[in-house]
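# Topology and contacts: notes
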Amino acid sequence: MPQNRAFPELPDSPAWQALARHRDALAGTRTLDLFAADPGRFDALALTLDTDEGPFLLDPSKNRMTAETFDLLCALADEVNLAGAIQAMFAGVAINETENRAAFHVALRHLSGKPLPSGGVDVMPEVRKVLDKITGFVSAVRGGVWLGATGRAVTDVVNIGIGGSDLGPAMVVEALGPYGREGLSAHFVSNVDATHMMRVLKRLDPETTLFIVTSKTFTTQETLRNARTAREWLVKALGEAAVAKHFVAVSTNAAEVAKFGIDTVNMFGFWDWVGGRYSLWSAVGLSIALAVGMDTFVGLLKGGFAMDEHFRSAPFADNLPVALALVGIWNGTILGAPCHAVLPYDQSLARFPAFLQQLEMESNGKGVTLAGLPVPTATAPVLFGEPGTNGQHSFYQMLHQGTLPVPADFVVVARSHHEVADHQPMLLANALAQTEALMRGRTAAEAEAEMRAKGMDAAKAKALAPHRAFPGDRPSTTILIPRLTPETLGMLIALYEHKVYVQSVIWGINAFDQWGVELGKTLASAILPELTSDAPPEGHDGSTAALIDLVRALRGEESAGA
Ligand code: F6P
C-alpha cells in the first residue's frame, strides 16, 4: 500500500481495536520482508480445496498480513458471530431482514438428497421439480423435439433479462464455452437501448429463435420493453400464434407472465428467497442449461455445492470464502483501500468482473447497518477488472505506480481448453510476474543502476529513476484453478458469493436487499412522459429541467429532419 495514507478509524470494539493496534505495529513492514523472515509463509497461509482436476488454491500470502492478522480477523468474525450467521443462512432463516425473507440460494445446488428446510418447510421437492422441468425442456430443445411454429428446430436462444437475470447466465455461458454445442447459440439482451436488441435480432431467423424472458419480478421496465420488441419482431414474421413456441419465461410472478402473453405452462419458476444476483443456479440458468447441456449445468451446481459444504463446515482458519472475505476487510476497511481489482487470467472469464460488480457492489454497497444506523466503517470497494493480459496494457500502470492502493485478486487457470503453441505458459508467466512485481517493486537506485548498466549517461539515469521506480508492496491474492470446468467454475462463483456474505456480517449490513436502485427507477418513470410532452418539465432541479428541454429539442429536430 502507498505509505503516508491516513488509516481509517475503526469501531470501538475489542476485536476492531486489536486489529487497529496490529495494523499500526505492521505499518513499517513490507510483505517481502515477511517472506524473508518466514520461508514457510506460503505453506502457512495458502488454503486449498480438492477437485477432480487438482487443488483449487487460494494464496493470500502476497498481502501485508501475518498468521497473527488472520487470528485477529477470526476473532472479529467471532465477535460478530459469523458462525451463527453461516448457520442461519443454511437453515433458511430470514437473513434478508429488510425484506423478511431467506437468502437460500444454497438450496438450489443442495445435491445431498437430504431435506433443506426454510421456515419449517423442506424446499427441496420444489427445487427438484423445477430442475426436472428444466431437464425435460433442455432435452426437448437440444434434441430437436421442441420445434418452432414452422416446424424447425431451435438454433438460437435469446435470454432477455437484466442485472441478476442477465449477468450470471451471460458470464457462465461464456466461461463454459468449450462445453457448448455446435448449432445452438445463446445470446443475451439486457440494455433497454434498442441497439442491443437490434444487433442481436439482425443475426437471427425468427423461425429458429427461442426467447427466454427472465425476470424475477416480471415488472422490470427494461426487460418488458425488450420482450415486447422481440415479440413484435416475431409476430411480424410468423404471426401471433407463433408466440407460444418461441417464448418461455423464467419468473416468480406467474400473473405478470400470463399478462404478457406467455402460457404459464412454459414458465420456469423460482422463489422469493432467491436474490437476483444469486439466481444463476435457479431457472434463471435456463439459458446456461440450453447452451451447454444439462449435465454441464448440474456440474456447475456440484461445484457450488462443494464450496457450500466447505464453507459451512471448515474452521475459519481453513475456510476459503472466509479467508477471501477477511483479506478484503483487512485491505479495504482496515488499511483503507477504496478499490478492488479482479483480474481473470482466462479469456473465458471475461465477464466475471462484470458479474462480480453486481454481486459485490449491489450486495454490500450499503451505508446503514441492519439496525438502521450509519455503518461505522467503509463497506464495498469499487470493483473493476479485465482479463489478463489485456488489463496489463490498459490500467495496470495505475496498479503499479498510481497513488490509490488497489488490492487485486488474480484468478489464474493452470490448464487451458486451448493448449495452442505456448499461449498458456505465456499467459501464466504474465499472471505470476504481475503478482511478483506488484509486491516486489523496484527502488529508484535499482532503476538507476539498471539504466547505467545499459549504458545510459549518469544525469539522464538519475533524472529518469523516480519515473522508473515501483513502490511495490501492493497486495494481491492469487486464486489458482487447475482447469476451468463446470465444477471449478461453480466453486469460484460460490466462493465469491460466500465472501460477500461474510463481509456483510462483519459490516453488520444486509447483503440481500438493493433499495439503492429504487430512486433512479422512480424518477425515470416521471421523466419518461415529460420527454414527449410539450408542457414545461416540473419539479426538477435546474440542470435536469434544462437537459429535459434540450433532449426534447434535439429529438424534435431529429424527427423533423428524418
Ligand atoms: O437493479 C435492481 C434489480 O432488482 C437487480 O437486483 C435484479 O437483478 C435486476 O433488477 C433484475 O430484476 P428482475 O429479475 O426482477 O427483472
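Residues numbered from 1 in each chain as written. Predicted model: local features only at pLDDT ≥ 70, side-chain atom pairs only at ≥ 80, totals over all residues. Heavy atoms only, no water.

### Here we look at the overall build of the chain
Looking only at helices and strands, one finds 22 helices and 13 strands in the chain. In terms of overall dimensions, the chain is globule-like: its C-alpha atoms have a radius of gyration of 26 Å, near the 24 Å expected for 562 residues. For the chain, with 562 residues in total, the buried portion stands at 52%. Surface exposure of the chain reaches about 24200 Å², of which carbon and sulfur atoms provide 56%. Of the charged side chains in the chain, 45 are positive and 60 negative; the average position of the first set lies 4 Å away from that of the second. (Helix = DSSP H or I, 4+ residues; strand = E, 2+ residues; numbered from the N terminus. Rg over C-alpha atoms; globule rule 2.2 N^0.38 Å. Buried < 20%, exposed > 50% of the residue type's maximum accessible area, 1.4 Å probe, protein only. Areas by Shrake-Rupley, 256 points an atom, 1.4 Å probe, with all protein chains shown as cover. Lys, Arg positive; Asp, Glu negative; His and termini not counted. Charge placed at Lys NZ, Arg CZ, Asp CG, Glu CD.)

### Regarding the packing of helix H5 (residues 82-90) against helix H20 (residues 486-507)
Put simply, H5 and H20 touch, their axes get as near as 10 Å, and they point 130° apart. One element, H5, and the other, H20, form an angle in the oblique class. Once H5 is placed against H20, the crossing between them reads as right-handed. Only His498, Tyr501, Val502 and Val505 of H20 make contact with H5, whose side of the interface consists of Leu82, Ala85, Ile86, Met89 and Phe90. Residues of the contact of H5 with H20, tallied by class, amount to eight nonpolar, one polar and no charged. (Axes fitted to C-alpha atoms, helices over the stretch in contact; angles between N-to-C directions. Parallel < 35°, antiparallel > 145°, perpendicular 65-115°, else oblique. Left-handed = near helix turned anticlockwise from the far one by under 90°. Contact = heavy atoms within 4.5 Å. Nonpolar A, V, L, I, M, F, W, Y, C, P; charged D, E, K, R; others polar.)

### So, the pattern of salt bridges
In the structure shown here, the tally under the stated rule is 21 salt bridges. For arginine 483, the salt bridge is made with glutamate 53, and the minimal N-O distance between the two is 3.2 Å. With arginine 483 in strand S13 (residues 476-483) and glutamate 53 in the loop between strand S1 (47-51) and strand S2 (54-59), this pair connects stretches of sequence that are 430 residues apart. When the shortest N-O distance is used, the salt bridge between aspartate 308 and arginine 109 registers 2.7 Å. Residue aspartate 308 is found in helix H13 (residues 294-313), and its partner arginine 109 is found in the loop between H5 and strand S3 (117-118); the two are separated by 199 residues along the sequence. You can call arginine 109 buried: its relative accessible area is 0%. (Salt bridge = Lys/Arg side-chain N within 4 Å of Asp/Glu carboxyl O.)

### Concerning unusual backbone geometry
The linkage connecting glycine 388 with the following residue, threonine 389, adopts the cis geometry, with an omega of 5°. Inspection of the secondary structure puts threonine 389 in the loop between strand S11 (382-384) and helix H16 (396-401). Not every positive phi belongs to a glycine, and phenylalanine 218 is a case in point at roughly 55°. By the secondary structure assignment, phenylalanine 218 is in the loop between strand S7 (209-214) and helix H9 (221-238).

### Observations regarding the packing of aromatic side chains
Within the structure shown, the criterion is met by 17 aromatic pairs. Among the aromatic side chains, those forming a connected cluster through ring pairs are Phe211, Phe218, Trp233, Phe247 and Phe260. Here arginine 41 stacks its cationic end above the ring of phenylalanine 35, 5.1 Å away from the centre of that ring. (Phe/Tyr/Trp six-rings, centres within 6.5 Å; stacked < 30°, edge-to-face > 60°. Lys NZ or Arg CZ within 6 Å of the ring centre and 35° of its normal.)

### Thoughts on the site of the ligand
Near the ligand you find 15 residues, and of these Gly164, Ser165, Ser215, Thr217 and Thr220 are the closest. Between the ligand and glutamine 358, the relevant distance is 3.2 Å, taken from an oxygen atom to a side-chain nitrogen or oxygen of the residue. A distance of 2.7 Å separates an oxygen atom of the ligand from a polar side-chain atom of glutamate 362. Compared with its free state, where it exposes 390 Å², the ligand has 87% of that area covered by protein. Across the shell around the ligand, the residue classes tally to two nonpolar, nine polar and four charged. (Near = heavy atom within 4 Å. Polar contact = N/O pair within 3.5 Å; in protein donor to acceptor, adjacent residues only side chain to side chain.)

### Points about the sheet that holds strand S10 (residues 339-345)
Strand order in the open sheet formed by six strands is S1-S2-S13-S12-S10-S11, and the pairing between neighbours is mixed. Each of the sheet's edge strands pairs with one partner strand only, and the pair in question is S1 and S11. Taking the axes of each pair of neighbouring strands and ignoring which way they run, one obtains an average angle of 15° across the sheet. Relative to S13, strand S12 (residues 408-415) is paired through seven bridges, and the arrangement is parallel. When the bridges of S13 are listed, aspartate 409 appears paired with threonine 477. Running at roughly 165° to S11, helix H15 (residues 352-364) makes contact with S10 and S11 of the sheet. (Pairing = 2+ DSSP bridges.)

### Some points on the domain arrangement of the chain
Annotation of the chain at the domain level lists domain 1 (15-102 + 300-513), domain 2 (117-297) and domain 3 (516-561). Placing the centre of domain 1 and that of domain 2 at their C-alpha centroids yields a distance of 33 Å. Each side of the interface is counted separately: domain 1 has 34 residues, and domain 2 has 24 residues. Taken together, the two surfaces of domain 1 and domain 2 that pack against each other cover about 2500 Å², and 63% of this comes from carbon and sulfur. In this assembly, domain 1 and domain 2 are joined by two salt bridges. (Domains from an automatic or database assignment. Buried area = accessible area lost by both parts, 1.4 Å probe.)

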